[in-house]
Amino acid sequence: MKLPVCVILNLDPSVDTWDLSSPLISLWINRFYIYLGFAVSISLWICLQVVSKTQDRNLQEKSVPKAPQNLMTNGYVSLQEKDIFVSGVKIFYGSQTGTAKGFATVLAEAVTSLDLPVAIINLKEYDPDDHLIEEVTSKNVCVFLVATYTDGRPTESAEWFCKWLEEASSDFRFGKSYLKGMRYAVFGLGNSAYSSHFNKVGKNVDKWLWMLGAHRVMSRGEGDCDVVKSKHGSIEADFRAWKTKFISQLQALQKGERKKYCGGHCKKGKCESHQHDSEEREEGSHEQDELHHRDTEEEEPFESSSEEEFGGEDRQSLNSIVDVEDLGKIMDHVKKEKREKEQQEEKSGLFRNMGRNEDGERRAMITAALREALTKQGYQLIGSHSGVKLCRWTKSMLRGRGGCYKHTFYGIESHRCMETTPSLACANKCVFCWRHHTNPVGTEWRWKMDQPEMILKEAVENHQNMIKQFKGVPGVKAERFEEGMTVKHCALSLVGEPIMYPEINRFLKLLHQCKISSFLVTNAQFPAEIRNLKPVTQLYVSVDASTKESLKKIDRPLFKDFWQRFLDSLKALAAKQQRTVYRLTLVKAWNVDELQAYAQLVFLGNPDFIEVKGVTYCGESSASSLTMAHVPWHEEVVQFVRELVDLIPDYEIACEHEHSNCLLIAHKKFKIGGEWWTWIDYNRFQELIQEYEDSGGSKTFSAKDYMARTPHWALFGANERGFDPKDTRHQRKNKSKAISGC
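Residues numbered from 1 in each chain as written. Predicted model: local features only at pLDDT ≥ 70, side-chain atom pairs only at ≥ 80, totals over all residues. Heavy atoms only, no water.

1. A look at the overall build of the protein chain
In terms of regular secondary structure, the protein chain is built from 23 helices and 22 strands. Split into buried and exposed, the 742 residues of the protein chain put 49% on the buried side. The contacts in the protein chain between residues at least 6 apart in sequence include a share of 75% that link residues at least 24 apart. (Helix = DSSP H or I, 4+ residues; strand = E, 2+ residues; numbered from the N terminus. Buried < 20%, exposed > 50% of the residue type's maximum accessible area, 1.4 Å probe, protein only. Contact = heavy atoms within 4.5 Å.)

Here it is in structure tokens:
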């Protein structure tokens, strides 16, 4: 190392000679030697530090011994010396004729040649609810070999896995990062002779895994049974070609390489850079997500994203340059389209104000776009305005994992409960709506109307078909599966405002004739309809706020006189003889400080029960500003209930369902001999409602006529916290804060 030293002498040019013995010159020379010595010392110290660090580094490198033979695994240094990038391969197959199973065996032999552990798993015997999350941290690569029936359905062995994956991908409780870290590849088996459904299952499995955050290690493969249209001449040849590419990718993964594989078919610019799926999930738009699963003739890149894999041509066409000479034609075309659109809107507006289409007929509530959106969310739509959906608690109880809070509070059998609605429309746009406002809104019935007989018939059939899909699913109890095929309860709380349906009383009568109990929820905006409502097993009113200001903020009602309608609805509830319930949803920082006002509303409606539940966070939505910060902890809900009960002396805390973040306040008339009787005698209710109908409505009955004793485990303060000891509680491994469903 060389350190230059520069000395500058500022001498007087008028002096010819200098006396070096003069005091001034001597002083300067002494100082120069001092500074020079100081500079040399610093230079030596720096040099010694550099040499010392170099020697230490050399010693460290020499001290690392070569990996001994007993530490070598699969030709690589073990985790003690070097990271393992792939710990194994799991091959999942869904097969009907045995082709997919045969391919799984062939692929397993090829993977074994890489000295990697491999497992072959039949999807029929696999429970994704319990085990799929394990793949996030396992460092395995998961391969899915799935076949498609000619009608687009999965094979019987893969039916439950596909159903679970579809629901999870659209369920806010899972989220887009649920499987972040999992790596997968998909090969679909189909027949292009049925072009509309060709390899539909493979495409869907690929899409749903991607939506849950998993990373694709290579492009989806497609095998075609049609030898004429098969890319390689047969489905076996298609698989062999895909297998070769997969093994190549697997070898790259073993070495920790992140390069892409394109097979020489990359589009211009695609191989120059790479971004992971997770980054594009955060930055990509909804449209890019939809583009993700269009078919493509090109070979997609290794761990490709939606933006890379699809939409390249679309983006190019949108951003393409327009010739100046063509601008005139384009502007004329745009102006013409604008005029036609305005004329169409003017014409449609006249009929829209009357709730009719251009032919003068009432419009269907479910439009094509709405049907597509709700179907994606798992709804089974009925006719033009109704729907049914399988509640997650129904699935849970089928598998012996506990029932919903209605099971704890009122004794319903969750696996025999049908969640439906005869009206998807609503008069509110609540901030915590768990449907993200995909349903229509309105203040009156202005749509085409279906008959209640048809609605009930198709609702039961659709519900039973959804239950049938659980046959053979791991963990499902055989006796509960058989019981689940017979509907015993109906929760009219799926979405929308069921009381808006003009034939709601006929629908309720049909339910009771089928020995199905009725739990109807209304948003307290239709007081006249509440007064005219025939007896139901239990009637709910949503009391989401206690002041006019907070109700407007939380429920966002469409009616201008919403507050008076709200108060009149509570008064109408007080006149009912059967069981009535206030349903309070607590939204932290919005409605938890209105205790005195809530107490006044209780005195107004005099309900039999008050359910207090923490708001359920339903994920991000442009329709709501609700976040996880608004979700109260269970202890906060308990504290609110304690303080409310102190203000309403006729009520006490009766039950608790910690799993749903919910408590039940009951009127003291249901506490007999020191025991709570909040449960329902459903057989007795059916007898009473039959007598009511036979007498033409003259023989009435009250809530106390069909009550039943509440078991100890359901009571507030019990060790079980409202969880039925007959079942086994199950919690997802990656959830830190409980988020209950409805």
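2. A word on empty space enclosed by the protein
Going through the model one piece at a time under the given rule, you end up with seven cavities of 30 Å³ or more. There is about 100 Å³ of room inside the second largest cavity. Taken together, twelve residues line the second largest cavity, and the ones lying closest to its centre are Cys 391, Cys 404, Lys 406, Cys 417 and Ala 491. Of all the elements in the fold, those that place two or more residues in the lining of the second largest cavity are helix 13 (392-398) and strand 11 (417-421). Residue composition of the lining of the second largest cavity, by class: seven nonpolar, three polar and two charged. (1 Å grid on protein atoms, 1.4 Å probe; cavity = no way out; pocket = protein on both sides within 12 Å on 5 of 7 lines; lining within 4 Å. Points joined across faces, edges and corners; volume = space filled by probe spheres on them. Nonpolar A, V, L, I, M, F, W, Y, C, P; charged D, E, K, R; others polar.)

3. Thoughts on helix 17 (residues 504-513)
If you check which residues of helix 17 are buried, you get Ile 504, Phe 507, Leu 508, Leu 510, Leu 511 and His 512. On its buried face, helix 17 sits against helix 15 (452-468), strand 12 (489-492), strand 13 (517-522) and helix 23 (682-694). Looking one or two places after helix 17, you find Lys 515, whose phi comes out positive at around 60°.

4. Things to note about the nonpolar core
If you look at the biggest cluster of nonpolar residues, it comprises 111 residues, and the most contacted ones within it are Phe 144 and Val 205. In terms of residue count, helix 20 (residues 562-574) provides more of this core than any other element does, seven residues in total. When residues of this core are assigned to domains, at least three fall in each of domain 1 (88-255) and domain 2 (378-714). If sequence neighbours within four positions are ignored, Phe 144 has contacts with Phe 92, Phe 161, Met 182, Tyr 184, Ala 185, Val 186, Phe 187, Val 205 and Leu 209. Within the second largest apolar cluster, 32 residues are counted, among which are Cys 417, Ala 491, Val 581 and Cys 662. (Core = buried A, V, L, I, M, F, W, Y, C linked by side-chain atoms within 4.5 Å. Domains from an automatic or database assignment.)

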